[in-house]
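Coordinates in review
Take a look at the letters that make up each chain.
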Amino acid sequence: MSAVAAGKASDSGESGRGSGESGRRGGGERPDGGGRRQGRGGKRRPGGGVLGARPWTAAVFLLPALLLLGALVVYPIVFSVYRSLFDASGTGFVGLGNYGAMFSDDGIRTALRNNIIWVVVAPAVSTVLGLIFAVLTERIRWGTAFKLIVFMPMAISMLAAGIIFRLVYDQDPERGVANAVWVGIHDTFSEPAPFPGAKPRPRSGLAPSGGGAFTTRSAVRAASPVNLPLVAVQPGDLRGARAAAAAGPRPGRVTGTVWLDFTRGGGGRPGVIDGNEKALAGLTVEAVRGGRVVASATTAADGTFALPADRAEGARLRLPAADFAEAYGGVDWLGPALVTPAIIGSYVWMWAGFAMVLIAAGLAGVPRELLEAARVDGAGEWQVFRRITVPLLAPVLVVVLVTLMINVLKIFDLVYIIAPGSSIRSANVLALQLFQSSFGTDVDEGLGSAIAVFLLLLVLPVMYVNLRRIRKERRR
């Protein structure tokens, strides 16, 4: 019995080992594709990947893109480098002479300085405004509508935006919105001149005394009223003006009249107040002795004035320059001093919405529990923004900043359209100088090609930083 039982046990053990080995072999060579398929004779089929299986198919699909890339990118770069080594005619080899001429030209140095200003200011301001808009629109009810309004300038072409801002920055406050607003603010806090551009009638006893003021040639007396006739008054400044009245002598007073010595339709006597001539109200009349103002008065609605005789007698009367100063015309936004900041302002108007949209998309991915935990721990809104929101948005901010830096290095159309001819040299940038050197009146394609190569070299470091950032994002 024991021998028979031992034999059965031995047989069952061998059958178990056999089934285990069979299972392991079956698991290593699954016919359903779980393991690597092998060809006949146990050899692996060549070309497991897409390119290995059909390299010519992939090449056919890539060929059109490669041809376009070569024709539109590679060939122009190679030709520009080659052309920059020759003179304007393209026949004389000058080596690096065009690059030396580029840095010795005042206009190109101005363009380089302006490009530095653009790269430093425009992307930073656009990114900061985009960040502010993105954060604040999360707190308002109509945030989506506000984002739409801010982003709308992106739908406008650079050409149309340039034309718009050329009108916005117009010097005439009647046309330029910027100067209309600025003049309105200025006139709110500074009283405008009552009769800008007015001046004394010739041989009237008033002489220029410097700075736009006019002073009587002789001293005044209390017994003799002083007539101060003016001309060149604008018709619009006479709306509602009353007829001038001749001032009579008054005890203890030096009196006189200031009026427009002009009769419509002709007639009248110079230096005499005729019946239809208008009074000039609101003018300041000063009594000056030894270069010092001893008394002053303002003309009434009928043009008359009165000064105390104890101080004004024996002095000379002066109409100060403030009575005739030209109306404030605002700021010369497109002048040589402000043209570059003005154009940067138009660029920010267009691209702040772009920055806002990208930053808002990144802000949507910020974990809200971190912000709430910080507020629970007692952090204020500024601390939450500075220590949590901004660090978490750092990758998005870098993307926006680098993208805008590449964009402003190539800025051309806004400068070309907005800057007037008198300020174009002050607003010059490298892309505009490239256009002028290559296609302007004084054509020098060798110099223009050198500028193009130099501009490419400026863009390459920024592109390299952007590519490294993209690779890091893929690895994550």
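Data block above holds the structure.
Report follows, based on the coordinates. (Residues numbered from 1 in each chain as written. Predicted model: local features only at pLDDT ≥ 70, side-chain atom pairs only at ≥ 80, totals over all residues. Heavy atoms only, no water.)

With respect to the element layout, Ser438 can be found in helix H15 (residues 430-439). Look at Ser438 and you get buried, because its relative accessible area is 12%. Only 3.0 Å separates the side chain of Ser438 from the backbone oxygen of Leu434, close enough to count as a polar contact. Residues within four places of Ser438 in sequence aside, it is in contact with Val443, Glu445 and Gly448. (Helix = DSSP H or I, 4+ residues; strand = E, 2+ residues; numbered from the N terminus. Buried < 20%, exposed > 50% of the residue type's maximum accessible area, 1.4 Å probe, protein only. Polar contact = N/O pair within 3.5 Å; in protein donor to acceptor, adjacent residues only side chain to side chain. Contact = heavy atoms within 4.5 Å.)

Before going further, it helps to examine the pairing of strand S4 (residues 226-231). Of all 6 residues in S4, 5 are buried; the element is thus mostly enclosed. Pairing of strand S1 (residues 199-200) with S4, which is carried by 2 bridges, proceeds in the antiparallel orientation. From the neighbouring strand, Lys199 faces S4, where its bridge partner is Val231. The pairing of S4 with strand S5 (residues 253-260) spans 5 bridges and is classified as parallel. Paired with Pro229 across the bridge in S5 is Trp259. (Pairing = 2+ DSSP bridges.)

Side chains that are nonpolar tend, in soluble globular proteins, to be buried together. By size, the foremost hydrophobic cluster in this structure holds 51 residues, and its most contacted members are Trp118, Ile343, Tyr347 and Leu414. Per-element tally for this core: the top contributor is helix H10 (residues 339-364), with 15 residues. Filtering out sequence-adjacent residues up to four positions away, Tyr347 remains in contact with Trp118, Ala122, Ser126, Met158, Leu404, Asn407, Val408, Ile411 and Leu414. Listed in part, the 29 residues of the second largest apolar core include Ala222, Val285, Ala287 and Val294. (Core = buried A, V, L, I, M, F, W, Y, C linked by side-chain atoms within 4.5 Å.)

To continue, consider the pairing of strand S9 (residues 316-319). Consecutive residues of a regular strand have side chains that alternate between opposite faces of the sheet. The alternating pattern of S9 places Leu317 and Leu319 on a buried face and Arg316 and Arg318 on a face that is not buried. Here strand S3 (residues 214-216) runs beside S9; their pairing, made up of 2 bridges, is antiparallel. Across the sheet, the residue bridging to Thr215 is Arg318, located in S9. Bridge count for strand S6 (residues 284-289) against S9 is 3 bridges, and the pairing is antiparallel. The partner of Glu286 across the bridge, within S9, is Arg318.

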